[in-house]
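The primary structure of each chain is shown beneath.
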Amino acid sequence: MDVLVVDEQPTPGGQIWRNVEAVAGTPRAAILGKAYGEGLAVVGRFRASGAGYEPGTQVWQVETGPRAFMTRNGAASSIEPGCLLLATGAQERPAPFPGWTLPGVMTVGAAQIVLKTSGQIPSDPVWIAGNGPLSLLYAAQLLQAGGQIAGFLDTTPPGRTAAAIPKLAAALFSAPGDLMKGLGWVSALRRRVPYVQHVTKIEAIGGDTIERLRYVTASGKTATVEARLLLVHEGIVPTIHPTLALGCRHGWNTNQDSFAPQLDIWGETSEPGVFVAGDGAGIGGATTACLRGEIAALRIAARLGRLPEAQAAAAAQPIRSRLTRALAARPFLDTLYRPRSAVFVPPDETVACRCEEVTVASIREQAAAGRPGPNQVKAFTRAGMGPCQGRQCGYTIAHVLADAEGREVPDVGLYRVRPPLKPLTLGELAALDSADVTS
Amino acid sequence: MFRKLHDPRGEALTVTIDGVPVAAEANESVAAVLLRQTPVWLRTTPVSDALRGPYCMMGVCFDCLATVDGVASVQTCLTQVRDGMRIDRQRGRPSVAS
C-alpha cells in the first residue's frame, strides 16, 4: 500500500513517546521510565516500514471524499487518499478555575512535554494539583529527575475509591503491572512531598504571573501558599475537531465525560473511508492505540484490494482479543479518576473561554435569557470564537448551559466546527496549487 | 521558571527575544526556550491586555502565540528554534499591515 503519514510534531511518537528517538540512551530515558522507552521499537518499525512521512505538517481541513488540506513549511497542499485514518489522540481535559489564565499556571502534560523534548524541569518547587494517572506519573518522573514538589493537591473527590473497587478485578486482569506501578507512585509521593487529599477548590492569585495559590479541601480546610508555578491536570479527552468537522456521528461516553466518534468494529466512522485509531476514538492509552491502528489498517488494506476480506477478518480476531483485554482496565480508571463537578461547572468568576475572556457568569446570563445552545452563545458572547476554536471552552460551555437549563450535556452538544481547523496565513492559502482548489 | 537538566553541548544556537540574545538548543521549541526566561509571558490579550504564557505546549490552547521572524501569532510550542531566529513578545491584536 502507498501510505503517507502526516504529523503535526517534528518527530514520530505522538505525545506519549514524544522525542523518543533523541532521548533513548540518554539519562533522561531512565527518568521517563520503561513504558516511554518501549516507544523506540515502535518508532523504529515505523521508520523501516516504507511509509511516507511528513513531520511538522498541520492538517487544517478535512472533507468528505475523503480529502485533506495541510500546510508544511508555509506551503499548502491537498490530498485525496483512498482511505483516511485520523490518529489525532487526546488533549488534556479543559479544567478552568479562577486564575487559570495567569502565566505560571500550566498543565501537567505541558511540563512533561518540556521534559521529553527539551530536558527541562521546574527550577523552583512546584505545586501540582490534579487527578489521574498523568499527574502521578509526572510527579514521580520529576522527583526522579531531582526536581522539587512544594505540594501535591489531589483533586480526586471522596468516594471514588469505593466506587471503583468493584471494577478492580477486571483491571488487575488487564494490566496488573500498571496498577502496581500507580500504587508505587502514590506511596512514594506521600512519603516524599506534602500531599493534600480531597482538594475541592483551587484559585491562582497574582498580577503578571501566579504568586499565590489558594485551596480548599472537602473537610473545609483552607490554605493560601506561595506559588511560582502551578501544574494542573484533570484527565484527557479525545481530540475530535477533525471528525466533528467531517460531520461524523458522535456519541457521549458517560464513563469518560466526553464525546467520541461512533465507530464500527474496524474503527470506521459514519463517513465512508474515514477511520479513527488511538485516543481520538476514546481514551484507552498507548497499547490500545496501537491495536486499534492495526485493526483499522487491516480493513483499509482489504478495502483497497490488497488483502482478501476473509484474511483481514481472521487476522483481526487475535488483535481484538488483545484490545478487549487492554481496555478492561478502563472502567476502573475512569471511575477512580472521574473529575469533581467543579471541573465541569466552575465558579461564576472563572474565565470559561481563554481566548475571548468570557466568564462562566456571562454564559449563565445567556442561559437565563433563553435556552441558547453553544452556537448562539458563541454569537452573543464570542466564547469559542478565538484561535483555539473552542478546544479549551467547548465542554465548559456545554456543561454550564446544561446545568443552568436543566438539560443533559449530550443534548446541549458542542460548537459547530468551522474551517480552518488550524489558523493559516492568506499567503499559505494563496499558494495552494490551482489544481488543489478546483479538483 | 524551568531549567535544563543537562549542559547544552556543542549545538548551541542563538535566538533573540525582544532583541536580547538568548542561547537555545537545536530541536527545541520556541516556547520551551521562553520557559527559561524572565518574564515568562509571551503576549498580551487583544481583549483585556492580560499577560499570557505557554499553557498546554501541544498546540491546543493558542496561548503561547508570539511574533516569530516578523510573522504574528505563531504557535511557539509547535515552532522549533533556528539559529538567528527573531522572537518578539506580542502586544494586543496584531496589525494586518505589520
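Since we're looking at a predicted model, the values are computed, not measured.

Caption draft 1: Representation of the overall build of chain B. A count of helices and strands for chain B gives 1 helix and 9 strands. When the helices and strands of chain B are placed in sequence order, the string is β-β-β-α-β-β-β-β-β-β. A compact globule built from 98 residues would reach a C-alpha radius of gyration of about 13 Å, and chain B, at 13 Å, matches this within 12%. Each of the three principal axes of chain B carries a C-alpha extent, and together these read 40 × 25 × 20 Å. Counting only residues that meet the buried cut, chain B has 43% of its 98 residues in that class. Of the contacts made within chain B by residues no fewer than 6 positions apart, 40% connect residues no fewer than 24 positions apart.

Caption draft 2: Region of interest: the packing of helix α15 (residues 360-369) of chain A against helix α16 (residues 374-381) of chain A. All names here are of chain A. At a closest axis distance of 11 Å, the pairing of α15 and α16 adopts a crossing angle of 115 degrees. Pair α15 / α16 crosses with right-handed handedness. From α15, S362, I363 and Q366 reach across to α16, where they touch V377, F380 and T381. Its residues assigned to classes, the contact of α15 with α16 shows 3 nonpolar, 3 polar and no charged.

Caption draft 3: The arrangement of the environment of G74(A) in detail. Residues and elements named next belong to chain A. For G74, the position within the fold is in the loop between β4 (67-72) and β5 (75-79). Owing to 11 C-beta atoms within 10 Å, G74 belongs among the exposed residues under this scheme. The sequence separation of G74 and L229 amounts to 155 residues, and the corresponding C-alpha distance is 34 Å.

Caption draft 4: Representation of the packing of α15(A) against helix α17 (residues 394-405) of chain A. All names here are of chain A. Viewed as axis vectors pointing N to C, α15 and α17 meet at an angle of 45 degrees, and their least axial separation amounts to 9 Å. Relative to α17, α15 is oriented oblique. Crossing of α15 over α17 shows right-handed handedness. Contacts between α15 and α17 involve V360, I363, R364, A367 and A368 from the former and I397, V400, L401, A404 and E405 from the latter. In terms of residue class, the contact of α15 with α17 is made up of 8 nonpolar, no polar and 2 charged.

Caption draft 5: Spotlight on the sheet that holds strand β5 (residues 51-52) of chain B. Residues and elements named next belong to chain B. Read across the open sheet, the 3 strands follow the order β5-β4-β9; overall the sheet is mixed. Among the strands making up the open sheet, the edge pair consists of β5 and β9 (90-91). Across 2 bridges, the pairing between strand β4 (residues 43-44) and β9 is parallel. Along β9, the bridge assignment pairs R43 with Q90.

Caption draft 6: The arrangement of the interface of chain B and chain A in detail. Chain B puts 34 residues into the contact, and the matching count from chain A is 36 residues. Residue assignment for the side of chain B that touches chain A shows that the elements contributing at least two residues are β1 (2-4) and β5 of chain B. Sort the elements by how many residues they give to the side of chain B that touches chain A and β1(B) lands first, with 3 residues. Its residues placed into classes, the side of chain B that touches chain A shows 20 nonpolar, 8 polar and 6 charged. In terms of strand pairing, strand β9 (residues 120-122) of chain A meets β1(B) through 3 bridges, oriented antiparallel. For Q120(A), the partnering residue across the bridge sits in β1(B) and is K4(B).

Caption draft 7: Structural detail: the pairing of β5(A). Residues and elements named next belong to chain A. Pairing between β4 and β5: 5 bridges, direction antiparallel. Residue pairing across strands places A68 opposite I79, the latter belonging to β5. Hairpin connection between β4 and β5: a loop of 2 residues separates the two successive antiparallel strands, and N73 in this loop has a positive phi of roughly 50 degrees.

Caption draft 8: How the structure looks around the nonpolar core. Residue and element names in this part refer to chain A. Residues I128, L230, A352 and I363 are the most contacted members of the largest nonpolar core, which totals 126 residues. With 7 residues, the single largest contributor to this core is helix α11 (residues 286-303). Setting aside residues up to four positions removed in sequence, I128 forms contacts with V108, S135, A139, I149, F152, L153 and L231.

Caption draft 9: Highlighting unusual backbone geometry. A cis amide bond links G65(A) with the next residue in sequence, P66(A), at an omega value of -10 degrees. Position of P66(A) among the secondary structure elements: in the loop between β3 (57-63) and β4. One non-glycine residue, E357(A), lies in positive phi territory at about 55 degrees. By secondary structure assignment, the location of E357(A) is in the loop between β21 (351-353) and β22 (358-359). The phi dihedral of N27(B) falls on the positive side, at around 75 degrees, and the residue is not glycine.

Quick notes on the rules
Residues numbered from 1 in each chain as written. Chains lettered and ligands numbered in written order. Predicted model: local features only at pLDDT ≥ 70, side-chain atom pairs only at ≥ 80, totals over all residues. Helix = DSSP H or I, 4+ residues; strand = E, 2+ residues; numbered from the N terminus. Rg over C-alpha atoms; globule rule 2.2 N^0.38 Å. Buried ≥ 20, exposed ≤ 12 C-beta atoms within 10 Å, placed from the backbone. Contact = placed C-beta atoms within 7 Å. Axes fitted to C-alpha atoms, helices over the stretch in contact; angles between N-to-C directions. Left-handed = near helix turned anticlockwise from the far one by under 90°. Nonpolar A, V, L, I, M, F, W, Y, C, P; charged D, E, K, R; others polar. Parallel < 35°, antiparallel > 145°, perpendicular 65-115°, else oblique. Pairing = 2+ DSSP bridges. Core = buried A, V, L, I, M, F, W, Y, C linked by C-beta atoms within 7 Å.

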